[in-house]
Amino acid sequence: MATVQRRRPAPSRVTPIQRLRTDPDRLRVLVVSESFLPQVNGVTNSVRRVLEHLADSGHVAELVAPTGPARYAGFPVTLARGASLPFYRDFRIGLETRRRLRAVMLRFQPDVVHIASPATLGHQAARAARELGIPTVAIYQTDLVGFAERYGIAGGAAAMTRLTRRIHTGVDRTLAPSTASLAQLEEMGVPGLGHWPRGVDLEAFSPALRDEAVHRELAPAGERLVGYVGRLAPEKELGLLAHVDRLPGVRVVVVGGGPEEERLRALLPGAAFLGVLHGQDLGRAYATLDVFVHTGRHETYCQAAQEALASGVPVVAPRAGGPIDVVDDGTAGFLYRPGDGDDLASYVTRLVGDDDLRARVSAAAVRSVQGRTWAAVNDTLVEHYRDVVGLGSAQRRAG
């Protein structure tokens, strides 16, 4: 999909930033994120990768987020005021004022504001940047409409649709990770769309990390390990794992934490719960699985499925949202009817019962993610920055 250049004049009541550019190859990027460390989720992980890429490429950045360390990748982190969600106390949302965000922007003098998965904080940041005439790139990464539907918030889906439309029509470019997300935003009437997928670390997630000793420990009777990695929350539809937990010769492995953990432990009496894992422990857990399953239908990309593929693990995921792009159906895994636990279990049964099939799908899974490195996708992101700033590749060559 071709991107559409959209720039709006800044409101007259605020003086726009006027910066003298001395080095067109070195951008100043203010990243505003609804989520960051110690929270571990897709938004946090992609923001980390973006900051690391900007540092490696010689750009200058600063992060604004509700939580985080004092610095990350050598860049300062400015903490925004926030509050915890009443139904998910471990997850904080940003509640910063536009005035304070303008002050950060006036101090940092960014060329572009990168708004990660905008909601409350991102909305205010987009408005502040517009008032100052600063170009904005918003990353569509959280399906707020699906989130509201799964939590059963009265009127929530309609409110989140309005909020999503309002946020993303107020920025210069919105980048979505999958064809399903692009179609969803188009249906909402959001203009200025572009495609930015997610990368995967092919060293951190690799078949070479498989640990047979760990496999024997988790499957002492020779069971096949079928695992889920991610947040344990209602929108993930994890109750579908009960259909897998009942399969003979299978042991379910759950990696992650969240508000659904207590309920899931009761629902999945035979499962192994490994908690939240990081680094080599996480890579080892992925690679030691025999099959990876995902259950939620509202994933804008499904990075966990991509990490499983890189680990050489066949994936069974819903035929909805991001997995449609991530998983090569019938080759690197299988896509089942969303919400259909029997369909999910039937594909798992095929894979765990046929060693030759599982080996072929495993090899295809690894091949399917070659070239999807973070360096490659983040180079594309920087070009989006340059386009909205007015420093696209053709213009820089001409200059």
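Residues numbered from 1 in each chain as written. Predicted model: local features only at pLDDT ≥ 70, side-chain atom pairs only at ≥ 80, totals over all residues. Heavy atoms only, no water.

This brings us to the nonpolar core. Formed by 31 residues in total, the largest nonpolar core has its most connected members in Val-255, Leu-282, Tyr-286, Phe-292, Ala-305, Leu-309 and Val-315. Residue assignment for this core shows that the elements contributing at least two residues are strand S11 (224–229), strand S12 (250–255), helix H10 (279–288), helix H11 (303–310) and strand S15 (315–318). Looking at this core, the element that brings in the most residues is H11, giving five residues. If near-sequence neighbours (up to four positions away) are discounted, Val-315 is found in contact with Phe-292, Ala-305, Ala-308, Leu-309, Val-327, Ala-332, Gly-333 and Phe-334. (Core = buried A, V, L, I, M, F, W, Y, C linked by side-chain atoms within 4.5 Å. Buried < 20%, exposed > 50% of the residue type's maximum accessible area, 1.4 Å probe, protein only. Helix = DSSP H or I, 4+ residues; strand = E, 2+ residues; numbered from the N terminus. Contact = heavy atoms within 4.5 Å.)

Attention shifts here to the confidence of the model for the chain. Mean pLDDT over the chain stands at 91; residues scoring 70 or higher make up 90%. The weakest mean pLDDT in the chain belongs to helix H16 (residues 393–398) at 42; the strongest belongs to strand S14 (residues 291–293) at 99. (pLDDT = per-residue confidence, 0-100.)

On to a positive patch on the surface. A cluster of basic side chains, namely Arg-127, Arg-162, Arg-165 and Arg-166, defines a positive patch on the protein surface. With three residues, the single largest contributor to the positive patch is helix H5 (residues 156–168). With respect to the helices and strands, the residue Arg-162 is situated in helix H5. (Patch = residues over 30% accessible without salt bridge, like charges linked within 9 Å, V, L, I, M, F, W, Y side chains within 5 Å. Areas by Shrake-Rupley, 256 points an atom, 1.4 Å probe, with all protein chains shown as cover. Salt bridge = Lys/Arg side-chain N within 4 Å of Asp/Glu carboxyl O. Lys, Arg positive; Asp, Glu negative; His and termini not counted. Charge placed at Lys NZ, Arg CZ, Asp CG, Glu CD.)

Let us look at the side chain of His-114. Along the chain, His-114 falls in strand S7 (residues 112–116). A relative accessible area of 2% places His-114 in the buried class. When neighbours within four sequence positions are excluded, His-114 is seen to be in contact with Val-29, Leu-30, Val-31, Val-32, Val-50, Val-137, Ile-139, Leu-381 and Tyr-385.

Here we come to the side chain of Ser-35. Structurally, Ser-35 is set in the loop between strand S1 (28–33) and helix H1 (42–56). Within the structure, Ser-35 has its side chain in polar contact with the side chain of Gln-39 (distance 2.8 Å). There is a polar contact of 3.1 Å between the side chain of Ser-35 and the side chain of Thr-44. (Polar contact = N/O pair within 3.5 Å; in protein donor to acceptor, adjacent residues only side chain to side chain.)

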